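A look at the structure
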Amino acid sequence: MSQRIRAKPRRPALASSGPLLVLVAGLATGHPAVHAVERSTGSEAAHGVASDAGDVPGADLGKVAGPLAEGAVGVRIVEHGGLYRIDVDGEPFVVRGAGLEGRDAAQVERLAEALADAGGTAFRTWDPAQAEVALAAARRHGLRVLVGLGVVTELGGFDYADEAAVARQHAAVTAFVDRHRSHPNVLGWVVANEPNLSFGADGAPRVADPRVYEAIAKIVEHVQAGLPRHPATVAFAFTSTIAEDIRTALEALPTLDFISLQGYGALPAIPEVATEAAPGLPFMVTEFGALGHWEMPKTDWGREIEEPSGPKADGVVARMTPAVTDDQTGRLLGAFAFLWGQKQERTPTWYGLFVDDVDDARAADAGDAQAVSDDHGRTTPSRRTMARIATVDELTRIWTGRYPSNRAPRALSITLDARLPTDSVRLAPGAEVRARVSLEDAEDDALDTRWILRREVLRRSDGGMPEVTPPAIDIVALETVSRATEATLAFEVPTAPGEYRLFAHSRDGHGGVATANFPFRVELP
């Protein structure tokens, strides 16, 4: 969805005195049963997301970890003169965040460390099974965690007409909250992730069953009743029915602390939609990133075309500028980039900001062998580490005001026999073809390009549900050439008809990687 956003006047900086309305987690303005705590304060102009830690008083408090001090107030949402912010232990907290997910504890640890090094202050999670690992890593690296509670959606197959199942889910989720609510690095709770993402029999989006929100409301009530208090939110997918979805949800969730929205190409539209659909609440952006696979062109046989990592990074920055880094609403509490890790969704590189080291099987290159995965998904370890794409460096610049000392390379374009992915390339079995990826590197580092060939995903998921990464298959390489600004691969097309995708991963030897891929179809003459 795209729409023109009406310009809103920038709010002036706040005066250094005046009453401060404190929204304690579980209590929200503009909704029934409101209870406000009025406090006096000094300069309280900080709010939302800042592009530099120096922009916001107390911004470096994102590195605070350890147990809550005696008498500390925990996490609060503060409103003053129509401007909102988060306070942690009585001090302003600037959310510079990402959704973080790793395949094991060691990878979560490395990702958390990388996030802190990049200037991040917080991350969000989805799977409660990773909560203990995530919170432990957050504590070691001075990060806060917006914890996902794993409430199952209708899209995930949950039947909210089954009262017994709803009761079991409620018991499990509230027990999880009670176990973790006292952890010092909890920032808040994402009670449900995209519960509005529901489809009718015709495949068109529809408003979720009201019983979904009734069940969520009971969990929110439990979350808000305990101590220490942390804000509760629900994250909404940006669908064509988003405004109606939010209004429907808030009828059942009158005490929700803030709403969260998730959009990719739609990111610039989020501030206006959030403000108009929930005028009494602040909001977060809990997912943003590369253009979604549903927003990109397709081949004429229906396979989505992924952006190379260079244009991908540029697009993320362009969409962030009006929506995140230049908030005009005064209601934005923070934003979380998607995904600080690696995820298979249409491809293994579409959404992840890192290339996983247990991947790249049977790659065509001249370097060390990588992990090899068999048809059952089993892997052997690789000596290579996760590498970041250019989007990470752009986030680092936005969060800290400067790029890392060595920037990741960027893939600008990829062709197959001089044709583009949008040309819907069909090839004969066994044909000899040449792939070319155009590259750039700010430091002119020598780039090691690995080519990986896979069949396309067999079963495509909806709404971020799990997908199985197709195993890499052998490449019959005829010639590989790597230069500073391009890499080429001459190879034989597979003899088996079907849909394939060729990937190029170009590493710089300094933890950076450029990615690009090309879908093609093998057909008998």
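As a reminder, the structure under discussion sits directly above these lines.
The structure contained in this document is the topic of the report that follows. (Residues numbered from 1 in each chain as written. Predicted model: local features only at pLDDT ≥ 70, side-chain atom pairs only at ≥ 80, totals over all residues. Heavy atoms only, no water.)

Helix and strand content of the chain: 8 helices and 24 strands. For the chain, the residues scored as buried account for 57% of the 525 residues in total. (Helix = DSSP H or I, 4+ residues; strand = E, 2+ residues; numbered from the N terminus. Buried < 20%, exposed > 50% of the residue type's maximum accessible area, 1.4 Å probe, protein only.)

So, about the pattern of salt bridges. Scanning the model with the defined rule gives 28 salt bridges in all. Taking the shortest distance from any N to any O, the salt bridge between Arg460 and Glu304 comes out at 3.5 Å. Here Arg460, found in the loop between β19 (448-455) and β20 (472-473), pairs with Glu304, found in the loop between β12 (283-288) and α7 (309-325); they are 156 residues apart in sequence, far enough to count as distant. The exposure class assigned to Arg460 is partly exposed, which follows from its relative accessible area of 37%. Residue class for Glu304 comes out buried when judged on its relative accessible area of 5%. Three or more residues are tied together by salt bridges with common partners; here these are Asp300, Arg303, Arg426, Glu499, Arg521 and Glu523. (Salt bridge = Lys/Arg side-chain N within 4 Å of Asp/Glu carboxyl O.)

Ranked by size, the top nonpolar core spans 83 residues in total, and within it Ile259, Leu261 and Trp340 carry the most contacts. In terms of residue count, the dominant contributor to this core is helix α4 (residues 210-225) (8 residues). (Core = buried A, V, L, I, M, F, W, Y, C linked by side-chain atoms within 4.5 Å.)

So, on to the side chain of Ser506. Within the secondary structure, Ser506 sits in strand β23 (residues 498-507). A distance of 2.7 Å separates the side chain of Ser506 from the side chain of Thr449, its partner in a polar contact. (Polar contact = N/O pair within 3.5 Å; in protein donor to acceptor, adjacent residues only side chain to side chain.)

The next point concerns the sheet that holds strand β8 (residues 144-148). Strand pairing in a sheet relies on backbone hydrogen bonds, with the paired strands running either antiparallel or parallel. One closed barrel holds the 8 strands; their spatial order is β6-β7-β8-β9-β10-β11-β12-β13, and the pairing between them is parallel. Between one strand axis and the next, the sheet turns by 25 degrees as a mean value, whatever way the strands run. Note that strand β7 (residues 122-124) and β8 share 3 bridges and pair parallel. Bridge pairing in β8 places Arg124 opposite Leu146. Taken strand by strand, helix α5 (residues 242-252) contacts β10 (232-237) and β11 (258-262), and its axis lies near 150 degrees from that of β10. (Pairing = 2+ DSSP bridges. Axes fitted to C-alpha atoms, helices over the stretch in contact; angles between N-to-C directions. Contact = heavy atoms within 4.5 Å.)

Strand β16 (residues 410-416) sits mainly inside the fold: 5 of its 7 residues count as buried. Relative to strand β18 (residues 432-440), β16 runs antiparallel, the two being bridged by 6 bridges. The residue of β18 that forms the bridge with Arg410 is Glu440.

Between α4 and α5, the shortest axis-to-axis distance is 8 Å and the interhelical angle comes to 50 degrees. By the criterion of interaxial angle, the relationship of α4 to α5 is oblique. Every pair of crossing elements has a handedness; the one defined by α4 and α5 is right-handed. Of the residues in α5, those in contact with Tyr213, Glu214 and Ala217 of α4 are Asp245, Thr248, Ala249 and Ala252. Of the residues in the contact of α4 with α5, the class split is 4 nonpolar, 1 polar and 2 charged. (Parallel < 35°, antiparallel > 145°, perpendicular 65-115°, else oblique. Left-handed = near helix turned anticlockwise from the far one by under 90°. Nonpolar A, V, L, I, M, F, W, Y, C, P; charged D, E, K, R; others polar.)

Moving on to helix α6 (residues 270-277). Residues spaced three or four apart along an α-helix point in a common direction, a consequence of the helix completing one turn every 3.6 residues. Counting buried positions along α6 gives 7 out of 8 residues, so the element sits mostly inside the fold. The set of residues buried in α6 consists of Ile270, Pro271, Glu272, Val273, Ala274, Thr275 and Ala277. Where α6 is buried, its residues contact α5, β11, β12 and α7.

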